[in-house]
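Listed below are the residues making up each chain.
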Amino acid sequence: MTQHQPVLSGDQIATRPRGRLLLNVPAISVLFLWSIVPLCMTLWFSFRRYNLMEPTRTGFDGWGNYRYLLSDPGLGLAIWNTIFLLASILLITIGLGTLLAILFDQDFFGRGIARVLVLSPFFVMPTVSALLWKNMILHPENGLLAFLMRSVGLKPVDWFAVAPLTSIIVIVSWQWLPFAFLTLLTAVQSLDEERKEAARMDGAGAIAMFRYIIWPHLGRAVAATTMIETIFLLGIFAEIYVTSAGGPGFASTNLSFLIYRYVLMEYDIGGAAVAGLVAVLLANLLAFFLMRSFARNLDA
Amino acid sequence: MTPIELRRKTLFTLLGWAVALLLSFPLLWMVLTSFKSEAAAIARVPHLFFHPTLESFRVVQEQSNYLRFAWNSIVVSLGSTLLALLFAIPSAYTMAFSPTRRTRGTLLWMLSTKMMPSVGVLVPIYLIFRDTGLLDTRTGLLVVDAVGNLPIVIWMLYTFFKEVPREVLEAGRMDGAGPVREIYNLLLPLSLPGIVSTSLLATILAWNEAFWSLTLTAAKAAPLTAFIASFSSPQGLFYAKLSAASTMAIAPILVLGWVSQRQLVRGLTFGAVK
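Residues numbered from 1 in each chain as written. Chains lettered and ligands numbered in written order. Predicted model: local features only at pLDDT ≥ 70, side-chain atom pairs only at ≥ 80, totals over all residues. Heavy atoms only, no water.

*Asks:* Summarise unusual backbone geometry; cite the residues concerned and give the values.
*Replies:* Residues and elements named next belong to chain B. The phi dihedral of Asn-65 falls on the positive side, at around 50 degrees, and the residue is not glycine. Mapped onto the elements of the fold, Asn-65 is located in the loop between helix H3 (55–64) and helix H4 (66–97). On the accessibility criterion, Asn-65 (33% relative accessible area) is partly exposed. (Helix = DSSP H or I, 4+ residues; strand = E, 2+ residues; numbered from the N terminus. Buried < 20%, exposed > 50% of the residue type's maximum accessible area, 1.4 Å probe, protein only.)

Structure representation (C-alpha cells):
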C-alpha cells in the first residue's frame, strides 16, 4: 500500500461490518452441528429398541429404555458419584490451592523452580497419573504407601477395594490442584501491595488480613476455577477406566462410566442414549448457574 | 536483610520446598523408576541409589512400537490445533473488532457447548464414525479434538485480539485491506505471542485428551493416552517399563507446559484472571 487511496465510498464502509460477521459463520456452524445433531440422535435412540448384539430386534420402544434405566440401581449411584466427585475435588483444590497461593506469594529461595515442580502434575496425561498412583503409590503389595505402612508396623490396605471413590478423588485432585493454585496465585499477586500495607498498619493480623483483604479479592479466580474444573470434571473417565473400572460393583461408577458400560460392554444403544440425556440435563442445570455467576466476572 | 527477615525467608524456603517436593514426588519417583532394572523397581524396600539403565526404554520401543503411538499423538495434537485455529481466528477476529449486541451471548453460548459432557454425545459420534469409516483413524480423532477445543481456542484468541489497538487495523482498512489481508498482514503478526500461547494450550489439551482416544481408537490410530491405558492390565506391574513409557509420554508436553505457565491462567480463565 504505497498510496492512500479512498477505495470505499461511505455506504460501502457501512456495509462492510456485515460482511465481516460472515467470518463467524464457520465456527458457529461447526459448534451448532456438534451440539445439536448428536443430541437429536440421542433423543431419537432413547425411544428405540437398539442393541448392537441383536440387530434384528429394532423398532419404537416408547418409554421402555427410560423405564429400564430408572430401574437400574446403578443410575442413582452414578449421579451421586458424579456430583460427589466434582464437589470434593473443587473443595480440595480450591482450599489447598488458596493456601499454596499464599505460601508462594512469600519470597523464598528457589521459588521459581519450586513453583514449576508444583505445577507439573497438571500437564501429565490422565492415564499416566492414574496408573502411576494405582500401581506405584497405592498398590497393596508393591506401592510406596504399602511400604511405608509396613515399615511402621501397619497392614497395607487395598485402597481401590476399600475406598475406590476416595482414591479417585485423590488422584484427580492431585492433577487439578496445580491449576487452582496457579489461578489463585495470579490473583493473589495482582493484589495491591499498598492495600496490604495499609491493613497491616491498621494492625490486621494474618487471619484478619486473609478474611478481609485477600479472600474478597479472590472471588473472580474462584469463580473461574470452579467453572473450568466443572467443565472438565463432570466427565471424569480415564481415571476410572484405568484404575477401578467403576467398581467394586458400581461404587466408583459416574455417569460417564455408566454410559460407557452400556455402549461398549452391553452394546445397548437405547439405554446409553437415555443415560446420555441424564448427563446432558445434569450438565445444563449446573451450567445455567455457573454461567450466570461467571458471566458477571467477565469484561467481554 | 535483617536477621528476622532472613529467618522468615529461610522458614518459607523450607516450607515451600517441602510442599513442592511432596506434590511432585509421584512424578519424580516415576522418572527415577524408569531408569531402574525391573527387579530393582519392585524391591520390597525401595532403592534410592541404583545402577541406572536405559533397558526399559529400549524394551518399550521394541515390544510395543512406542514411536508409532507417539507419531499418532503428534499428528492428532498438532493437526487438531491447526484445524481449530483455522476456524477460531476469523471468528475471534469478528467478535473482537466488529462486536454487536449479540457478541457476548455468542461467546457464552460457545463456552456452554463445552459444558456438554462428551459421554452425552458418545453414542451418536460412535455410530457416525462407524458408518463413515472414521473409527480408529487419526483424522477422526483429530477432528473431534479440534471441535472439542474450539470454544476454548476462540475465547483465548478473543481476549488476546481485544488488546490489539483497533486504530492499526482501521488504518489498514482505510488502505483498502480486505478482512483476509487484514488478518494475515496485520492481526496475526501483532498478536503472535497470544496465538502462540493459544496453540500451546490447545496442543497440550489435545495431547492429554483421553475420553475420545479411549473410545474412538484401537490398534491403528491410538495415541499415547490410549497406549498408556493398555498398561492397566497386569502388564502395568512391570514398573520400570510402565515408568519408562509414561516418562516418554509426558516429557514433551511437560516442557511445553512449563514454557506456557503464565499465559495458561489467562487463557483458561478467559481473561477473567490475569
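*Asks:* How would you sum up the packing of helix H1 (residues 3–34) of chain B against helix H13 (residues 239–268) of chain B? Please name residues and give values.
*Replies:* Residues and elements named next belong to chain B. Look at H1 against H13: their axes get within 7 Å of each other, and the N-to-C directions meet at 115 degrees. Where H1 crosses over H13, the two elements pack in a sense that is left-handed. In this structure, H1 contributes Leu-27, Met-30, Val-31, Thr-33 and Ser-34 to the contact, and H13 contributes Tyr-239, Ala-240, Ser-243, Ala-244, Ser-246, Thr-247 and Ile-250. Looking at the contact of H1 with H13, its residues break down into seven nonpolar, five polar and no charged. (Axes fitted to C-alpha atoms, helices over the stretch in contact; angles between N-to-C directions. Left-handed = near helix turned anticlockwise from the far one by under 90°. Contact = heavy atoms within 4.5 Å. Nonpolar A, V, L, I, M, F, W, Y, C, P; charged D, E, K, R; others polar.)

*Asks:* Now, about the packing of aromatic side chains: what can you tell me, with residues and values included?
*Replies:* By the definition in use, this model includes 26 aromatic pairs over all chains. Seen in terms of ring centroids, Phe210(A) and Trp215(A) are 6.0 Å apart; in terms of plane orientation they differ by 40 degrees. Their pairing is tilted. Summarising the aromatic geometry, the rings of Phe25(B) and Trp29(B) are spaced 5.7 Å apart at their centres and angled 25 degrees between planes, so their arrangement reads as stacked. Of this pair, Phe25(B) and Trp29(B) both sit in helix H1, four residues apart, roughly one helical turn. By relative accessible area, Trp29(B) is classed as buried at 10%. Three or more aromatic residues joined by ring pairs form one cluster here, namely Trp34(A), Phe237(A), Tyr241(A), Phe257(A), Tyr260(A), Phe211(B) and Trp212(B). We note Arg211(A) situated over the ring of Tyr212(A); from NZ or CZ to the ring centre the distance is 4.9 Å. The side chain of Arg261(A) reaches across the aromatic face of Phe250(A), ending 4.5 Å from its centre. (Phe/Tyr/Trp six-rings, centres within 6.5 Å; stacked < 30°, edge-to-face > 60°. Lys NZ or Arg CZ within 6 Å of the ring centre and 35° of its normal.)

*Asks:* Can you explain a nonpolar patch on the surface? Please cite residues and give values.
*Replies:* On the surface, Phe32(A), Leu33(A), Ile36(A), Val37(A) and Ile128(B) cluster together to form a nonpolar patch covering roughly 400 Å² of accessible area. Ranked by the residues each element gives to the nonpolar patch, the list is headed by helix H2 (residues 25–45) of chain A, at four residues. Along the polypeptide, Ile36(A) turns up in helix H2. (Patch = residues over 30% accessible without salt bridge, like charges linked within 9 Å, V, L, I, M, F, W, Y side chains within 5 Å. Areas by Shrake-Rupley, 256 points an atom, 1.4 Å probe, with all protein chains shown as cover. Salt bridge = Lys/Arg side-chain N within 4 Å of Asp/Glu carboxyl O.)

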